[in-house]
Amino acid sequence: MYNFEYRRAQSVAEAAKLIKEADDGKILAGGMTLIPTLKQRLAQPSDLIDIGKIAELKGISVSGKTLTIKAMTRHFDVHSSPEVKKAIPALAVLAGGIGDPSVRHRGTIGGSTANADPAADYPAGIVGLGATIETNKRKIAADDFFTGLFETALEPGELIIAVHFPIPDKAGYLKFAHLASGYATCGVMVSKTGNQVRVGVTGAGPNAFRVPEMEAALAKTFTPDAIANIKYPADELLSDMHASAEYRAHLVTVIAKRAVAAALA
Amino acid sequence: MGQYGIGQPIRRKEDARLLTGNGRYTDDVNLDGQVYVYFLRSPYAHAKINAIDTTDALAAPGVIAIYTSADIIADGVKPIPCEANAKSLKGVPLFKPPRHALAFERVRYAGEPVAMIIAESVNAGKDASELIQIDYEELPAIADTSRLADADAPLVWDTLGSNVGLHWETQESAVSEAIFKSAHKTVELKLLNNRLVGNPMEPRCAVSEHDPKTGRTTLYAPSQGGRRVINAIAKEILNVPPQSLRMISLDTGGGFGIRSKTYPELVLMVWAARKQTRPLKWRADRGETFVSDVHGRDQSTKASAAFDKDGKLLAVRNETIVNVGAYLSENGAILAMMGGGKIMGTAYDVPVLYFSVKSCFSNTVPTDTYRGAGRPEVNFIMERLMELGAQAFGISSIEMRKRNFIREFPYKTQMGCLIDSGDFPGTLDMTLDKGDYAGFEKRKAESKARGKLRGIGIGYYVEGAGGRPVEEMRVRFEKDGKVKIFAGTFSHGQGHDTVYSQLLNEYLGVDASKVELIQGDSDTSPKGAVGTFGSRSSMMGGVAIKRASEAIVEKGKKIAGHLMQTEPSKVTFKEGVFHGGTSSVTLEVVARAAQDPSKLPEGMEGPLDESYYYERQGESQNFPNGCHLIEAEVDPDTGTVEIVKFTAIDDCGTVLNPLIVDGQVLGGIAQGIGQALVENTIFDNETGQLLTASFMDYGMPRASDFPMIGIHFNSVPSPTNDLGVKGAGEAGACGAPPALVHAALDALKEYGIRHIDMPLTPEKVWRAIQAAKSGKAA
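Residues numbered from 1 in each chain as written. Chains lettered and ligands numbered in written order. Predicted model: local features only at pLDDT ≥ 70, side-chain atom pairs only at ≥ 80, totals over all residues. Heavy atoms only, no water.

### A few points about the domain arrangement of chain A
All names here are of chain A. When its domains are assigned, chain A resolves into domain 1 (5-50) and domain 2 (60-264). One C-alpha centre belongs to domain 1, the other to domain 2, and the line joining them spans 26 Å. In this complex, domain 1 contributes nine residues to the contact, which on the side of domain 2 involves 13 residues. Where domain 1 abuts domain 2, roughly 780 Å² becomes buried across the two surfaces, and 76% of that area is made up of carbon and sulfur atoms. In terms of surface lost to domain 2, no three residues of domain 1 exceed V12, A29 and M32, which account for 49% of the buried area on that side. (Domains from an automatic or database assignment. Contact = heavy atoms within 4.5 Å. Buried area = accessible area lost by both parts, 1.4 Å probe.)

Right under this line is the structure:
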């Protein structure tokens, strides 16, 4: 890696200040994407601002019908949290399927969300559950957050503080993992709250997205068969050596059906 | 058979050390004052090098030296030789282009080393590499194996005029063509045997040091036995006396054939150490390891079989293009036929064989031996032909094989191998029994109820084990009571420490705790050391240990006779004790006496120290064989193939240690399934870039991909070596791929899918199903 200045922030305010002062600073959360990128010399930031020791960024809590996970909470902690398992078991399942044990003990929900990898699991959870992203400046609705390939609504210097998940009546998450990386070739979070249904898809497109046609069908009849004949258009999806857009489009239907089945299980 | 002798399931002596982090690998070597090497590699698969300017890089902080091909050539460093030799029917020899350790005038694959940078730190070396100005002129590249021999293919070597470095054939093609015309039935298949990246857990690594006082250079690097490597570097590349170089291989984290090569980086580490005053260290990361280790497999084949009216083979035709990469590594050009491929015909009586191999260059990483090395490829071909033959005749896969099995031994194959022993029908029957073949339909129905398609598939294989026909081992009793084995072989995961101790226990009654395996140092390894590859260590090293032990006993009898005042010819030896008349003396006492000249017979010198240079006679390789039976479930919605039942019956002759052979079989199976299911080496066909050069993109088999595997043996001891052993290391890689592919195709039977190339990735399987549904079956 190239040399950089390492700075450890003690508070969100300090992190925001440091990133603002840096020429080309990067926030270091769990580092699961950033560190390999640096090691391969694919990025050359002037400063790394480590937010790993900021106490106000850690923790899981439930208040009313909302589950709040602070940004620096590790995947393992989400996966094994009794609160999460009780409130949104599908989210615990999602976190438990990210990477491998060492990734799950380092990687964080805030880091994964801000990075917006097209094949990461959390974006499906955020979109499929209709979460709200709280930053040090504002609150951003899930539908407005993921804007493109590795692109989000976050502005320079804006830090994720927490992700607030409304607790659904039921939800299910399933991913079709790539054989090598374990990333989602297609991952779907389906949730049902009252007669509102959300279908959030990751891995298939440049960023996580919803499938309104499936949501409408599931709102009427919440069964896998209700969406069996709904096809997602392939021309909006990613196509690479790991999976063609056509195959991904097919998987959106198959995995969404299975996510519904998981929600009903 | 004693409690610690041959055949006992002794736990591995080396495991406690290796599993508790006490192994010592090359990267653990840090020498005083060492500096760091970084290799700048070609970003292009094919380009002309117009100029290299290192001026700015040399001025960068911490840079000590930068070398390019101009430096090594000016210093008289010779290209890396290729020992392989072969000729076409017309006598045209294999084209051997020069391979300089650093790219000369052109780069021919992405990842080829172009410059060697020596710096105070790895980072300083990398920084400097970015300042090296290279004027590349990109040229058209070719990677696609099936296109290499085409007339319009871009040329890797202009002077050759095509990419075909050798067209080798067993005989004139016309002989078998006539048989095919009059045959009752024929089947034909085109297939690709996918390229594999070996990926030992340990990445590439080397440390080197020159001692100006002694004039000797020491190279530390993982290997599979370094004597051959260092001798080639001394004699054929650097032109220095062999004794001026020393190679030490410490613990080695996986070899698989690919770590046995004379790599450019090793040549450079030795050469540069002799130019520098400080020791050098190089360690590749995983991405660099992907492009600096040789790759395996990569063949495109058209095969056909002709049968008589009873379904008996009349002839087999096989035309293979093997992608050797940009340069010739050791055996890359010949492994398809004279290397592993020599067992073509495998378990079946093939009266006429036409076997043609075109060894072709491409703009890719060179290919060479990798677990199986030619044998998995021909086994896959023969098994596919058997399966298609069964379909053509409407008979079962089992019946087809039984009609064609070799049943009498020794059997001389069309490739000239003398298969010494085996029980092919018996092994198949045992597999069907242990794998509950009879209960398959019931399990299939259960799977169906869960929406899964279940299939069953057989992979019968024959392996040819042994590699080079010589090996030397030395057994020496030390003053402190220890018994040292100086090995020509090199254990890099195989458990030699344990098995060789069992042999000494068996033949000399020595306690395993007293045995110490000394290996991997060219200074102490026997002169005739060859190494470990080709499933040869038991059959070569093991036999040499047995015979060295016999020499110890012979000498011991003379000493014991002298001590007991008995005629040596009347002394007997049993379980560590010499007996003469009513007296007896232990080998331990005799060994101690052998250290003391006053206790030795007139004219004899101590200690007990015997080497045996074992030279295998004639055709006496051996032929491990076996049958793998896989049941797989296919998810028709996603194309995912999951192994749900796996039974392996192997005949690897006498089993010296069943725990270790189980491990060998499992490892081979894991790599075989890796090839069949997940390992997908993808080059960009336009640019020749390796797109799958990381574990994020290149799938490796995981423990969770396997059910419990039932491993059993149907041992037929080999009559061609003292121990009766046959190789065990490469079996799984031969049997598992055809069994898996057959299980998947059987599961997809209702769609009438004839063939899917490995690896059977979900999308490939899904596409085959879609094509079949729309009437365009593969």
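Additional details are given in the paragraphs that follow.
### Things to note about the pairing of strand β10 (residues 160-166) of chain A
Residues and elements named next belong to chain A. Taking burial as the measure, the seven residues of β10 include six buried ones, the bulk of the element. When strand β5 (residues 66-70) meets β10, the two strands line up antiparallel, connected through five bridges. Looking at the pairing, K70 lines up with A162 of β10. Across four bridges, the pairing between strand β6 (residues 132-135) and β10 is antiparallel. (Buried < 20%, exposed > 50% of the residue type's maximum accessible area, 1.4 Å probe, protein only. Helix = DSSP H or I, 4+ residues; strand = E, 2+ residues; numbered from the N terminus. Pairing = 2+ DSSP bridges.)

### Re the domain arrangement of chain B
Residues and elements named next belong to chain B. When the domains of chain B are assigned, the result is domain 1 (15-22 + 468-615), domain 2 (31-139 + 200-292) and domain 3 (373-466 + 619-773). Look at where the C-alpha atoms of domain 1 and domain 2 centre, and you get two points 38 Å apart. Facing 18 residues of domain 1, the contacting portion of domain 2 comprises 19 residues. A buried area of about 1,500 Å², summed over both sides, lies between domain 1 and domain 2, and 39% of it is on carbon and sulfur atoms. Taken as a group, F490, H492 and S522 account for 37% of the area that domain 1 buries against domain 2, more than any other trio of residues on that side.

### Some words on a positive patch on the surface
A grouping of R8(A), K53(A), K58(A) and R106(A) is seen on the molecular surface, where their side chains present a positively charged patch. Relative to the elements of secondary structure, K58(A) occurs in the loop between β3 (47-50) and β4 (60-63). (Patch = residues over 30% accessible without salt bridge, like charges linked within 9 Å, V, L, I, M, F, W, Y side chains within 5 Å. Areas by Shrake-Rupley, 256 points an atom, 1.4 Å probe, with all protein chains shown as cover. Salt bridge = Lys/Arg side-chain N within 4 Å of Asp/Glu carboxyl O. Lys, Arg positive; Asp, Glu negative; His and termini not counted. Charge placed at Lys NZ, Arg CZ, Asp CG, Glu CD.)

### Quick word on the sheet that holds strand β26 (residues 583-586) of chain B
Residues and elements named next belong to chain B. The strand order across the open sheet formed by three strands is β24-β25-β26, and the pairing between neighbours is antiparallel. Strands with a single pairing partner mark the edges of an open sheet, and in this sheet they are β24 (572-574) and β26. Pairs of neighbouring strands in the sheet enclose a mean axial angle of 25°, with direction left out of account. Sheet topology note: the strand β25 (residues 577-580)/β26 ladder contains four bridges and is antiparallel. In the sheet register, H579 faces β26, and the bridge partner there is S584. Together, β24, β25 and β26 form the strand contacts of helix α14 (residues 537-564), whose direction differs from that of β25 by roughly 50°. (Axes fitted to C-alpha atoms, helices over the stretch in contact; angles between N-to-C directions.)

### Quick word on empty space enclosed by the protein
Residue and element names in this part refer to chain B. By the definition in use, this model includes five cavities of 30 Å³ or more. Considering only enclosed or pocket space, the largest cavity measures out at about 70 Å³ in volume. Around the largest cavity sit 15 residues that line it, and G225, G226, R227, G520 and S525 are the ones nearest its centre. Partitioning the lining of the largest cavity into residue classes produces five nonpolar, eight polar and two charged. Mapped onto the domain boundaries, the lining of the largest cavity takes at least three residues apiece from domain 1 (15-22 + 468-615) and domain 2 (31-139 + 200-292). (1 Å grid on protein atoms, 1.4 Å probe; cavity = no way out; pocket = protein on both sides within 12 Å on 5 of 7 lines; lining within 4 Å. Points joined across faces, edges and corners; volume = space filled by probe spheres on them. Nonpolar A, V, L, I, M, F, W, Y, C, P; charged D, E, K, R; others polar.)

### What to know about unusual backbone geometry
All names here are of chain B. Of note, the amide linkage connecting F409 to P410 takes the cis form, showing an omega dihedral of -5°. Mapping P410 onto the fold places it in the loop between α10 (397-404) and β18 (411-412). Between G606 and the following residue, P607, the backbone shows a cis peptide bond with an omega angle of -10°. By the element assignment, P607 lies in the loop between α15 (587-593) and β27 (609-615). At Q565, a residue that is not glycine, the phi angle is positive and equals roughly 50°. Its place among the elements puts Q565 in the loop between α14 and β24.

### Considering the packing of helix α11 (residues 245-264) of chain A against helix α18 (residues 762-773) of chain B
Between α11(A) and α18(B), the least distance of the axes is 11 Å, while the angle of their chain directions is 85°. Considering the angle they form, α11(A) stands roughly perpendicular to α18(B). Two secondary-structure elements touch here, α11(A) through E246(A), Y247(A) and H250(A) and α18(B) through P762(B), E763(B), W766(B) and R767(B). (Parallel < 35°, antiparallel > 145°, perpendicular 65-115°, else oblique.)

### Topic: the interface of chain A and chain B
At the interface, 21 residues of chain A touch 24 residues of chain B. At the junction of chain A with chain B, the criterion picks out five salt bridges. In this structure, R767(B) engages E246(A) in a salt bridge whose closest nitrogen and oxygen atoms are separated by 3.0 Å. The tally of links between chain A and chain B comes to 16 residue pairs in polar contact (both at pLDDT 80 or more). Sort the elements by how many residues they give to the side of chain A that touches chain B and α11(A) lands first, with six residues. (Polar contact = N/O pair within 3.5 Å; in protein donor to acceptor, adjacent residues only side chain to side chain.)

### Describing the side chain of R297(B)
All names here are of chain B. Structurally, R297 is set in the loop between β14 (295-296) and β15 (299-307). A polar side-chain atom of R297 sits 2.6 Å from the main-chain carbonyl oxygen of Y370. Here the side chain of R297 touches Q675 through a polar contact of 3.2 Å, side chain to side chain.

### Brief notes about the pattern of salt bridges
According to the stated counting rule, one finds 63 salt bridges over all chains in the structure shown. E130(B) is the partner of R41(A) in a salt bridge, and the nearest nitrogen-oxygen pair spans 3.0 Å. With one member in each of two chains, R41(A) in the loop between α2 (34-39) and β3 and E130(B) in the loop between α4 (122-129) and β6 (133-138) form a pair that bridges those chains. We classify E130(B) as partly exposed; its relative accessible area is 43%. Note that D240(A) is salt-bridged to R248(A), the shortest N-O span being 3.4 Å. A residue is classified by how much of its surface remains accessible, and D240(A), at 37% relative accessible area, is partly exposed. Through salt bridges with shared partners, a single network forms among E83(B), R228(B), K261(B), E330(B), D368(B) and R468(B).

### Points about the environment of V577(B)
Residues and elements named next belong to chain B. Checked against the element boundaries, V577 lands in strand β25. Remark: the alpha-carbon pair of V577 and L587, spanning 10 residues in sequence, is separated by 5.6 Å. Those residues in contact with V577 that lie beyond four places of it in its chain are T572, S584, V585 and T586.

### Some thoughts on the layout of surface pockets
In this model, the second largest pocket occupies a volume close to 840 Å³. Forming the walls of the second largest pocket are 37 residues, and the residues nearest its centre are N680(B), T681(B), I682(B), P759(B) and K764(B). Contributing elements (two or more residues each) for the lining of the second largest pocket: β11 (170-177) of chain A together with β8 (185-193) and α18 of chain B. Top contributing element to the lining of the second largest pocket by residue count: α18(B), with four residues.

### Quick notes on the pairing of strand β13 (residues 280-283) of chain B
Residue and element names in this part refer to chain B. As paired strands, strand β1 (residues 35-41) and β13 are joined by two bridges and run parallel to one another. Across the sheet, residue Y36 finds its bridge partner in β13, namely K281. One ladder, built from four bridges, connects strand β10 (residues 205-211) with β13; its direction is antiparallel. When the sheet's bridge partners are listed, C205 is paired in β13 with R283.

### A look at the sheet that holds strand β7 (residues 139-141) of chain A
All names here are of chain A. Taking strand neighbours across the sheet as the criterion, the five strands line up as β4-β5-β10-β6-β7 in an open arrangement whose pairing is antiparallel. Both outer strands of the open sheet, β4 and β7, are each paired with one neighbouring strand and no more. When the angles between neighbouring strand axes are averaged without regard to direction, this sheet yields 25°. Packing against the sheet, helix α8 (residues 122-129) makes contact with β6 and β10, and its axis sits at approximately 50° to β10.

### What to know about the nonpolar core
Counting residues in hydrophobic clusters, the biggest one holds 113 residues, and the most contacted among them are I673(B), L740(B) and L760(B). Here this core gathers at least three residues from each of two domains, domain 2 (31-139 + 200-292) and domain 3 (373-466 + 619-773) of chain B. The contacts of L760(B), once residues within four sequence positions are left out, are V641(B), A676(B), L677(B), L740(B), V741(B), A744(B) and V765(B). Counting residues in hydrophobic clusters, the runner-up holds 51 residues, among them L67(A), L94(A), L129(A) and I161(A). (Core = buried A, V, L, I, M, F, W, Y, C linked by side-chain atoms within 4.5 Å.)

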